[in-house]
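# Close look at the chain arrangement
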Amino acid sequence: MIQGGPPLHGEVAISGAKNAAVAIIPAALMVDGVCRLENLPQISDVEMLLTILRELGAGIRHIDKSTVEIDCTDVHFQDAPFELMRKIRASYYLIGAMLGRFGTAKTTMPGGCNFGVRPIDQHIKGMTALGASVLVENGFIYANAGENGLVGAKIYLDKVSVGATMNIMLAACMAKGKTVIENAAREPHIVDLANFLNSMGADIRGAGTDSIRINGVTRLHGGTYTIIPDQIEAGTFMCAAAATGGEVLVKNVIPRHLECISAKLRECGATVEEYGDAVLVRRTGRLRSTNIKTQPYPGFPTDMQPMMGVLLCLAEGTSVISEGIYDNRFKYMDELRRMGAEVQVDGRTAIIEGVGGFHGTNVRACDLRAGAAVVVAGLCAEGKTLVEDIHYIERGYEDFVGKLSGLGADIRRVTDCDPVHGCAAIFCD
Ligand code: EPZ
């Protein structure tokens, strides 16, 4: 429940990157020893992956709220909890990790936010190129490396894909010989996965460029690794500060990862000052319209598109958003229309006429980032906004309500969500 109005003021500390954590946890499956992961975000996608690893025989020890030790010395190939795997997109990383560790894999077709078809043909192309046979049947993916195990190959991705790039990197790091991934994705979390694997003994070069070279090794040893800060969580709070007309110091960030977001916020009339590990976002004047095209990194991230959509609905003039990654990532605009937004959506394009403000009402979180967007809209709205289906938000934002309250937002939870099994009974505090 959100009572809109007060601009956000104060400081907020950003947690570890979800899209790095959900690849690094499956990667721990390949390590013959103990991995100590620090700066893990406390989100349900992380909880689910730790539960899946535990069911595969891994030892999981929580050291503190953001540090966990994973010991996969004794894991063995067996069926994983498919009902959990089906719920998250990142379960596909188990294919690469299981193939790398066991030479065989069985997972479900991945779940994840629904904004159009999200195929995994490039993942399968990569695994096949490494010598695995892959079968997709009845919602399951079976992969087998055969008696020779995986053998390095040159792989050209037909499409820039974060998941395929990371999944192939996982499978290739213990394949025999050299693998080259061309047309690779360059997101910060891809570099983070490569750095994690290298700190465990892998030999990966070029992560962060569109050509990644991997020399297979025979074993990965244990060690300690700290996850990078979450680029999208940081961008979400930067957008919320600009949308509410406040002043927020967003801490524990890598400003270089936020450059495209900072640039767009400046175009909209906000000021963004960059420090070593923080950015200060402030907006006093009117929000100005601009245009957004989402692209693979270092372009404007598609995951920031919904939060920028909220800002542009409140900006003076006409703005155009072109969604370059997904077919159908404007469902949240239906919810914003209920709050007073004026927007026309046609496939991958949204044309927005800025309005003076939103009015509060009941809205839903259609997916993870759409949920964050309607919360930001509620913060700016006149009156009360009730956001339902907040389990989507819990998948990717640690303590979203607590962090926003700490910035002066009038927001409270009126349901209790179990991190793994979704919302339980509703109660009002
Ligand atoms: C990752 O999804 C992120 N999820 C998404 O973040 C993010 O939107 C996306 O990358 C793009 O940055 C995780 O990391 C868990 P892709 P992923 O493979 O790997 C097509 C969030 O909000 N494609 O880069 O699934 C695909 O349909 C989530 O945190 C193929 O055609 O994205 C899409 O149009 C939402 N074949 C485009 O490529 C494939 O084999 C990019 O997808 C794979 C992808």
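Our subject in this report is the structure included herewith. (Residues numbered from 1 in each chain as written. Predicted model: local features only at pLDDT ≥ 70, side-chain atom pairs only at ≥ 80, totals over all residues. Heavy atoms only, no water.)

Let us look at unusual backbone geometry. Note on backbone geometry: most residues besides glycine have negative phi, and most peptide bonds are trans. Look at the link from Y297 to P298: it is a cis peptide, with omega at 10°. When you line up the elements, P298 lands in the loop between β17 (292-293) and α10 (305-313). One non-glycine residue, N39, adopts positive backbone phi at about 65°. By the secondary structure assignment, N39 is in the loop between β3 (34-38) and α2 (44-55). The exposure class assigned to N39 is partly exposed, which follows from its relative accessible area of 25%. For D389, which is not a glycine, the phi torsion comes out positive at approximately 60°. Relative to the helices and strands, D389 is located in the loop between β22 (384-388) and α13 (391-394). (Helix = DSSP H or I, 4+ residues; strand = E, 2+ residues; numbered from the N terminus. Buried < 20%, exposed > 50% of the residue type's maximum accessible area, 1.4 Å probe, protein only.)

Right, let's talk about the site of the ligand for a bit. Taken together, the neighbourhood of the ligand is formed by 25 residues, with R89, Q122, S161, D303 and I325 sitting nearest. For the ligand, an oxygen atom lies 2.7 Å from a polar atom in the side chain of S161. Within the contact set of the ligand, an oxygen atom lies 2.9 Å away from a side-chain nitrogen or oxygen of R369. Relative to its unbound accessible surface of 820 Å², the ligand loses 93% to contact with the protein. When contributions to the shell around the ligand are tallied by element, the ones reaching two or more residues are α1 (18-27), α5 (121-129), α6 (162-172) and α12 (368-380). Its residues placed into classes, the shell around the ligand shows 11 nonpolar, 6 polar and 8 charged. (Near = heavy atom within 4 Å. Polar contact = N/O pair within 3.5 Å; in protein donor to acceptor, adjacent residues only side chain to side chain. Areas by Shrake-Rupley, 256 points an atom, 1.4 Å probe, with all protein chains shown as cover. Nonpolar A, V, L, I, M, F, W, Y, C, P; charged D, E, K, R; others polar.)

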